[in-house]
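Residue-level structure breakdown
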Amino acid sequence: MAIPGDPAPATSNGTSKTHGHRPDVEYIRKAVEMAGVNALRVALYQVTADPELATIPITRTKIRGGVLFDSVLSKKDEEVVRRKAVEYLTNPPKRVPPPPSIDEAHKLMNLFAGSCINDNDIAPGYEELAFDQFPRGVSWSSPSTPPEARSKFHVLIIGAGLSGIATAIQLKELGIPYTIVERQAGIGGTWLWNDYPEARVDTLSYLFQYKFEKRYPWVDFFASQPQTQEYLQHVAEKHGILPGVEFDREVVQARWKESTATWEVTTIHQKTGGQCTYTANAIISAAGLFSTINKPDIAGIDDFKGHIFHTTGWDHSVPLEGKRAAVIGTGSTGTQLTPALVRACSHVSVYQRTPNWIASYEGYDEPVPDHVHWLCDNLPYYWNWFCYAAYFRSLDLAALQVRDPEYEAKGGHVNERNDGVREALTAFIKQKMAAKSELIPKLIPKHAPLVRRLVVDNGFYNCLLEDHVDLVSDSIDCITPSGILTKDGVQREFDVIVLGCGFKTSKYFWPTEYIGVGGVRLEDTWAKDGARSYLGMAIPGFPNFFSLYGPNHQPRGGSLYSWAEIWARYAVGSIARLIEQGARAMDVKAEINEEYQARLDEANSKLIWESEGAGYYVNEHGRQGVNMPWTTSEYHAMVLGPNLDDYEIS
Ligand SMILES: Cc1cc2nc3c(=O)[nH]c(=O)nc-3n(C[C@H](O)[C@H](O)[C@H](O)COP(=O)(O)OP(=O)(O)OC[C@H]3O[C@@H](n4cnc5c(N)ncnc54)[C@H](O)[C@@H]3O)c2cc1C
Ligand SMILES: NC(=O)c1ccc[n+]([C@@H]2O[C@H](COP(=O)([O-])OP(=O)(O)OC[C@H]3O[C@@H](n4cnc5c(N)ncnc54)[C@H](OP(=O)(O)O)[C@@H]3O)[C@@H](O)[C@H]2O)c1
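Residues numbered from 1 in each chain as written. Chains lettered and ligands numbered in written order. Predicted model: local features only at pLDDT ≥ 70, side-chain atom pairs only at ≥ 80, totals over all residues.

1. Digging into the site of ligand 1
What counts, and what does not: By definition, a residue lies near a molecule or strand provided its backbone-derived C-beta atom is within 6 Å of it. Only DSSP runs of H or I reaching four residues or more are called helices, and only runs of E reaching two or more are called strands; each is numbered from the N terminus. All amino acids are sorted into three groups, where Ala, Val, Leu, Ile, Met, Phe, Trp, Tyr, Cys and Pro are nonpolar, Asp, Glu, Lys and Arg are charged, and the leftover types, Gly among them, are polar.
Taken together, the neighbourhood of ligand 1 is formed by 33 residues, with Gly159, Gly161, Ser163, Gly189 and Gly288 sitting nearest. Mapped onto the shell around ligand 1, the elements with two or more residues apiece are α8 (162-174), α9 (190-193) and β6 (249-257). A total of three residues in the shell around ligand 1 trace back to one element, the largest contributor, which is α8. For the shell around ligand 1, the residue count by class is 16 nonpolar, 13 polar and four charged.

Below, the structure is given as structure tokens:
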């Protein structure tokens, strides 16, 4: 069947999972039965222009306890859409309409939403729909840029996670030379070293993926760590960026040299300890937010005689069967890995300092049936709308984070919807823990939902019901050579202690020491209240330096892959403009940055993240330095491309 856009469905081995499959009508019916029916409706409308499909009303229904909403049709209308889809697919026409323009797509987005979407949601939505091969590609303003100017400029990318990969692909497309320096032995970043049991994404894979890679045949709806790592390897290989990566090298210092307008970068080899220096015209740091582990400051931690490891350094040579294990920390990581410990060990103690809100995610742990792959490969544009549906849902998160002063004055928490989520998630805890109701008060958080990242239920509550599992909520006094002593005087003995204690998220770019114009150390510029940067990406006094997933850069909706593409577009676009101007350096103006920071603080003050119970979003100065306060569409508009007036160009 003809599919517009990318003609060859991609898989890790380069062939479609369902390519060439000739289904009978029963197979088609089943595939259609499994479809996201609103996505099916819009895709079908796009290829048939059947007016009946356009008049079907859409309502919104709560999912995940009201954290998100789904756009749904009545049962009767669902049947109509499915019947029409089966008819289309059993006798598909040879010709398929071309991908829509942005104006045409706008109308289709309205159709999808069942109402008019906001003007500023059109451009980001169109990119998410990914009708173009490279929806966020950077191009030269004019084909006349001299090739020698392009090839003389060298960019150093720090980090080969999903952000570094997106950046390298952009640079390669433009023909700008680059080197990626990565301290690990392979690509994947987070998804390489977080290989603890049951590590898995908590964002639907049809959202958590690049938009230039079409119809990837995900094995699970929420990809496991190995699947995610395989995906990143596949993309890196397909785009030929691996030869540009230097592994096992940690960047420890970067010094701006004014006379040459270059960065002098020092790395240390992780295995040999050897030093190496690089000279680069620009640095794009894709060093990640979760790159520095938090080794907890617990007395006696180095004296434990059994096995003890952080979740990023899981010792897979240690057999867990029959062992007594402890897990310290009940964030996303500790919660996610607990079931694996509980299945294997003779006894598990879960040390919880602060309870988190935990929700059940639809489709979590479920494999993607072949029928779904077949539909993505065979119904033109279905994949685009299926992915868009996940994106569209994610936008609803932002409203939960906005304080409603009137509602709070009446005694509510945050806003009415947020309180509704609190109620629903509290009911979930009570329902799950009915058989051990004495634990319920310990498990209900005091903080509002979304003050921290929501945790996915991977069977955590079920584990706590097991006889060989205990929840320890008393404070830890110290780790002894044989176990853990809590402040209530109880010593528990363990063979294995897992440190699910997270990361030092406020230590941006650590351990790299950046020395900018006039010998100023970056860390000193942050002494007042922690890391800050213009748009999350540029810092005055540190020319030709861009960061991805930098300070206040964690988005409020969408997917991090898409943001990495958007950030890369800004950083690489800036470099392209610099080259085109024949200039050497761009440095964001101090007053532009100051004005931006004031706006950021003001916007942040209306949101929930500095509330009681805040976790790693808040730095040691008490300031929320991780999340951006702008909504997806607001921030998207700010970083479509660089405004060169914001920069001193020299
Ligand atoms: C266990 C876990 C699960 C997660 N799950 C999700 C999820 O489901 N959905 C979601 O949206 N987000 C999730 N996240 C957040 C996740 O970090 C991002 O989604 C994403 O992987 C970030 O990609 P990145 O390329 O920006 O950074 P990273 O993946 O962290 O990559 C940064 C790379 O830079 C390298 N590096 C850092 N400093 C240096 C240096 N000085 N020198 C050389 N190399 C350096 C690191 O070794 C690393 O390879 C998760 C995070 C963790 C820890
Ligand atoms: N895809 C997924 O499902 C997934 C899985 C893992 C991680 N992630 C991502 O990675 C981020 C980090 O998750 P994370 O769980 O690794 O870290 P985290 O959310 O920061 O959780 C760390 C846990 O360790 C506890 N802790 C830290 N120091 C301690 C100490 N000294 N004594 C006792 N307890 C201590 C914390 O308690 P307090 O809360 O009291 O500080 C918290 O429970 C997540 O927010 C998410 O973005 C996603």
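2. Concerning the site of ligand 2
Rule in force here: Note that the domain bounds were set by an automatic or database domain assignment.
The environment of ligand 2 is made up of 26 residues, and the closest members are Pro296, Gly329, Gly331, Arg353 and Gly502. It is helix α11 (residues 332-344) that provides the largest number of residues to the shell around ligand 2, a total of four residues. For the shell around ligand 2, the per-class residue count stands at 10 nonpolar, 12 polar and four charged. Here the shell around ligand 2 spans two domains, since at least three of its residues come from each of domain 1 (148-292 + 505-649) and domain 2 (307-357 + 452-499).

3. Describing the pairing of strand β7 (residues 262-269)
Worth spelling out the cut-off: By the convention used here, strands pair only if DSSP detects at least 2 bridges between them.
In this sheet, β7 lies alongside β6 in antiparallel orientation, the contact comprising eight bridges. Looking across to β7, one finds that Arg249 is bridged to His269. Linkage of β6 to β7, two consecutive antiparallel strands, is achieved through a turn of four residues, within which Ala261 is found at a positive phi near 55 degrees. The pairing of β7 with strand β8 (residues 275-280) spans six bridges and is antiparallel. Note that in β8 the partner of Ile268 across the bridge is Gln275.

4. Remarks on the domain arrangement of the chain
By a widespread convention, an interface's size corresponds to the accessible area lost as its parts come together. Partitioning the chain into structural domains gives domain 1 (148-292 + 505-649) and domain 2 (307-357 + 452-499). Between the C-alpha centres of domain 1 and domain 2 the distance comes to 33 Å. The residue inventory of the side of domain 1 that touches domain 2, partitioned by class, reads five nonpolar, three polar and four charged.

5. Description of the nonpolar core
Applicable threshold: Nonpolar core, as used here: buried Ala, Val, Leu, Ile, Met, Phe, Trp, Tyr and Cys residues forming one set through C-beta atoms within 7 Å. Exposure classes come from backbone-placed C-beta atoms, where a residue is buried if 20 or more other C-beta atoms lie within 10 Å of its own, exposed if 12 or fewer do, and partly exposed in between. Throughout, a pair of residues is in contact if the C-beta atoms placed from their backbones lie within 7 Å.
Core analysis: the largest hydrophobic core is formed by 131 residues, its most contacted members being Leu40, Val155, Ile165, Tyr382, Trp385 and Ala571. When residues in this core are grouped by element, the largest group, 14 residues, is from helix α19 (residues 560-580). In contact with Val155, not counting residues within four places along its chain, are Leu171, Ile176, Tyr178, Ala280, Asn281, Ala282, Ile284 and Ile575.

6. Looking at the environment of Thr330
With respect to the secondary-structure elements, Thr330 resides in the loop between β11 (324-328) and α11. It is 5.6 Å that separates the C-alpha atoms of Thr330 and Gln352, two residues lying 22 residues apart in sequence. Every residue in contact with Thr330, bar those within four places of it in the chain, is listed here: Thr335, Val350, Gln352, Pro355 and Asn356.

7. Considerations on the sheet that holds strand β17 (residues 483-486)
Where strands meet in a sheet, backbone hydrogen bonds hold them as pairs that are either parallel or antiparallel. To keep it simple, the criterion reads: Fitting a line to C-alpha atoms yields each axis, with helices limited to the stretch in contact; the angle taken between N-to-C directions then spans 0 to 180 degrees.
Judged by pairing direction, the sheet is antiparallel, and its three strands sit side by side in the order β16-β17-β18 without closing on themselves. Only two strands of the sheet have a single neighbouring strand rather than two, namely β16 (476-480) and β18 (491-493). With strand direction ignored, the average angle separating the axes of adjacent strands in the sheet is 20 degrees. As judged from the four bridges shared by β16 and β17, these two strands associate in the antiparallel manner. Opposite Ile476, over in β17, you have Thr486 as the bridge partner.

8. A few points about the sheet that holds β7
What the four strands build is an open sheet, ordered β8-β7-β6-β20; its pairing is mixed. The open sheet has two edge strands with one neighbour each: β8 and β20 (513-515). When the angles between neighbouring strand axes are averaged without regard to direction, this sheet yields 20 degrees.

9. Overview of the packing of α8 against α19
Defined as follows: What sets the label is the angle itself: under 35 degrees gives roughly parallel, over 145 gives roughly antiparallel, 65 to 115 gives roughly perpendicular, and the rest give oblique. A crossing counts as left-handed when the near helix is turned anticlockwise from the far one by less than a right angle, and as right-handed when that turn is clockwise.
Interaxial distance between α8 and α19 falls to 8 Å at its minimum, and their mutual angle equals 40 degrees. In terms of their interaxial angle, α8 and α19 are classed as oblique. Between α8 and α19 lies a crossing of right-handed hand. Here Leu162, Ser163, Ala166, Thr167, Gln170, Leu171 and Leu174 of α8 lie close against α19, whose contacting residues are Leu560, Tyr561, Ala564, Glu565, Trp567, Ala568, Arg569, Ala571, Val572 and Ala576.

10. Re the packing of helix α1 (residues 25-33) against helix α4 (residues 75-90)
Direction vectors running N to C along α1 and α4 enclose 135 degrees, while the axes themselves pass 9 Å from each other. As the angle between them shows, α1 and α4 are arranged oblique. Judged by the twist between their axes, the crossing of α1 over α4 is right-handed. Across the interface between the two elements, Val25, Ile28, Arg29, Val32 and Glu33 of α1 pack against Arg82, Ala85, Val86, Leu89 and Thr90 of α4. Grouping the constituent residues of the contact of α1 with α4 by class yields six nonpolar, one polar and three charged.

11. Here we look at the confidence of the model for the chain
Basically, it comes down to this: The quantity known as pLDDT measures the predictor's confidence residue by residue, on a range of 0 to 100.
Overall, the predicted model of the chain reaches an average pLDDT of 95, with 97% of residues at or above 70. Low confidence marks residues 1-15, where pLDDT is under 50. Its contacts with residues over four positions away, or in another chain, come to 27 contacts.

12. Focus on helix α6 (residues 122-129)
An α-helix turns once every 3.6 residues. As a result, residues three or four positions apart point the same way. Among the eight residues that make up α6, six are buried, leaving the element largely enclosed by the rest of the structure. Pro124, Gly125, Tyr126, Glu127, Glu128 and Leu129 are the residues of α6 that are buried. Where α6 is buried, its residues contact α5 (102-113), α13 (382-394), α19 and α21 (632-638). Of the residues flanking the end of α6, it is Ala130, one or two places downstream, whose phi is positive at about 55 degrees.

13. Here we look at helix α15 (residues 416-432)
As a reminder, the rule being used: Take the number of residues in a helix, subtract one, and multiply by 1.5 Å to get its expected span. In this description, the arc belongs to the directions extending from the helix axis to the C-beta atoms.
The end-to-end C-alpha separation of α15 is 24 Å, in line with the 24 Å expected for 17 residues at 1.5 Å each. What α15 keeps buried is the set Asn418, Val421, Arg422, Leu425, Ile429 and Lys432. Along the axis of α15, the buried positions cluster into a sector of 105 degrees, meaning they face one direction only. Exposed and oriented more than 90 degrees from the buried face of α15 are Glu416, Ala427 and Gln431.

14. Describing the environment of Leu535
Structurally, the position occupied by Leu535 is in the loop between α18 (522-525) and β21 (545-547). The buried category is assigned to Leu535, around which 25 C-beta atoms lie within 10 Å. Taking C-alpha positions, Leu535 is 14 Å from Ser285, a pair spaced 250 residues apart along the chain. Residue contacts for Leu535: discarding those within four places in its chain leaves Tyr596, Met638 and Val639.

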